[in-house]
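For reference, the chains in residue letters:
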Amino acid sequence: MNNSKLTALLLLLITAHLYTGVSAYDTVGVYSPVGDHATLQCANVVHPNCSSTTWNYENRGSRSVTELVADGKVTDPQRAERLRVESDCSLHISDLHPEDAGLYTCRQYLIEDGSQHGEDAPVLLSVLSSK
Ligand SMILES: *[C@@H]1O[C@H](CO)[C@@H](O)[C@H](O)[C@H]1NC(C)=O
């Protein structure tokens, strides 16, 4: 096999792997008006006490990623007073701001500083402007 065929095969394998990786949980869409609240379900909870649960937020415009919750506890000081982790590890956001819109990802880490367990459980939040 020549090099370009090998490269094509590798790309195919990598792509197939990525697709099987993201297909485990479909992205859930949540739509809530500005000023309202939203509850984002964590679909991949492992430990019911939420100790394995993290929530990340990605702003789709700036592509910046912020950790909101780690080990089941709110870690983002800027939004701490509007965030709450529910008993089922879902993420509750109150008084929605337009800039809360974006991709929220629930992830499980069974060991502190260990590698991620299983797949991402993504939730896409749309904040609807009022009236
Ligand atoms: C949460 O549950 C897991 C699994 O049952 C356990 O190992 C861990 O110690 C618990 N963490 C807390 C903070 O209770």
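The structure displayed is predicted, hence computed values, not measured ones.

Chemist: For this particular structure, what's the right way to read the pairing of strand 9 (residues 117–128)?
Modeler: Looking along a regular strand, one sees side chains alternate from face to face of the sheet. In the sheet, strand 1 (residues 28–33) pairs with strand 9 via six bridges, with the strands oriented parallel. By the bridge assignment, Val28 is partnered in strand 9 with Val123. Pairing analysis gives six bridges linking strand 8 (residues 102–108) to strand 9, with the strands arranged antiparallel. Paired with Cys106 across the strands is Ala121, a residue of strand 9.

Chemist: Whenever I open this one, the nonpolar core confuses me. Can you help?
Modeler: One recurring pattern in soluble globular proteins is that nonpolar side chains are buried together. Within the largest apolar cluster, 20 residues are counted, with the highest numbers of intra-cluster contacts made by Leu40, Trp55, Leu68, Leu91, Ile93, Tyr104 and Leu125. Broken down by secondary-structure element, the contributors of at least two residues to this core are strand 2 (38–40), strand 3 (53–58), strand 4 (65–70), strand 7 (91–93), strand 8 and strand 9. Of all the elements, strand 9 adds the most residues to this core, at four residues. Ignoring anything within four residues of it in the chain, the contact list for Leu40 reads Val30, Trp55, Ser90, Leu91, Ile93, Tyr104, Val123 and Leu125.

Chemist: For this particular structure, what's the right way to read the site of the ligand?
Modeler: Lining the immediate surroundings of the ligand are His47, Asn49 and Ser51. Within the complex, the protein chains bury 30% of what would otherwise be the 360 Å² of accessible surface of the ligand.

Chemist: What is the right way to look at the sheet that holds strand 7 in this model?
Modeler: What holds strands together in a sheet is hydrogen bonding between their backbones, with the strands either parallel or antiparallel. Strands sit in the order 2-7-6 across an open sheet of three strands; the sheet is antiparallel. The open sheet has two edge strands, strand 2 and strand 6 (83–85), and neither has a second partner. Between one strand axis and the next, the sheet turns by 20° as a mean value, whatever way the strands run. For strand 6 and strand 7, the ladder comprises three bridges, and the chain directions are antiparallel. Bridging from a neighbouring strand, Leu83 pairs with Ile93 of strand 7.

Chemist: Looking at this model, I keep getting lost on the sheet that holds strand 3. Mind explaining?
Modeler: Taken together, six strands build an open sheet; the order of strands is 1-9-8-3-4-5 and the sheet is mixed. Of all strands in the sheet, those bounded by a partner on one side alone are strand 1 and strand 5 (73–74). Inspection of the sheet shows strand 3 paired to strand 4 by four bridges, in the antiparallel sense. Bridged to Asn56 within strand 4 is Glu67.

Chemist: Explanation requested: the packing of aromatic side chains in the structure shown.
Modeler: The description of an aromatic ring pair rests on the distance of the ring centres and on the angle between the ring planes. As enumerated under the stated definition, the model contains one aromatic pair in all. Judged by centre distance (4.8 Å) and plane angle (45°), the rings of Tyr57 and Tyr104 are tilted. Highlighted residues: Tyr57 in strand 3 and Tyr104 in strand 8, separated in sequence by 47 residues. Residue class for Tyr57 comes out buried when judged on its relative accessible area of 5%.

Chemist: I'm lost on the side chain of Asp76 in this one. Help?
Modeler: In this structure, Asp76 sits in the loop between strand 5 and strand 6. What Asp76 contacts, discounting residues up to four positions off in sequence, is Thr66, Glu67 and Leu68.

Rules behind the numbers
- Residues numbered from 1 in each chain as written.
- Predicted model: local features only at pLDDT ≥ 70, side-chain atom pairs only at ≥ 80, totals over all residues.
- Heavy atoms only, no water.
- Pairing = 2+ DSSP bridges.
- Helix = DSSP H or I, 4+ residues; strand = E, 2+ residues; numbered from the N terminus.
- Core = buried A, V, L, I, M, F, W, Y, C linked by side-chain atoms within 4.5 Å.
- Buried < 20%, exposed > 50% of the residue type's maximum accessible area, 1.4 Å probe, protein only.
- Contact = heavy atoms within 4.5 Å.
- Near = heavy atom within 4 Å.
- Areas by Shrake-Rupley, 256 points an atom, 1.4 Å probe, with all protein chains shown as cover.
- Axes fitted to C-alpha atoms, helices over the stretch in contact; angles between N-to-C directions.
- Phe/Tyr/Trp six-rings, centres within 6.5 Å; stacked < 30°, edge-to-face > 60°.

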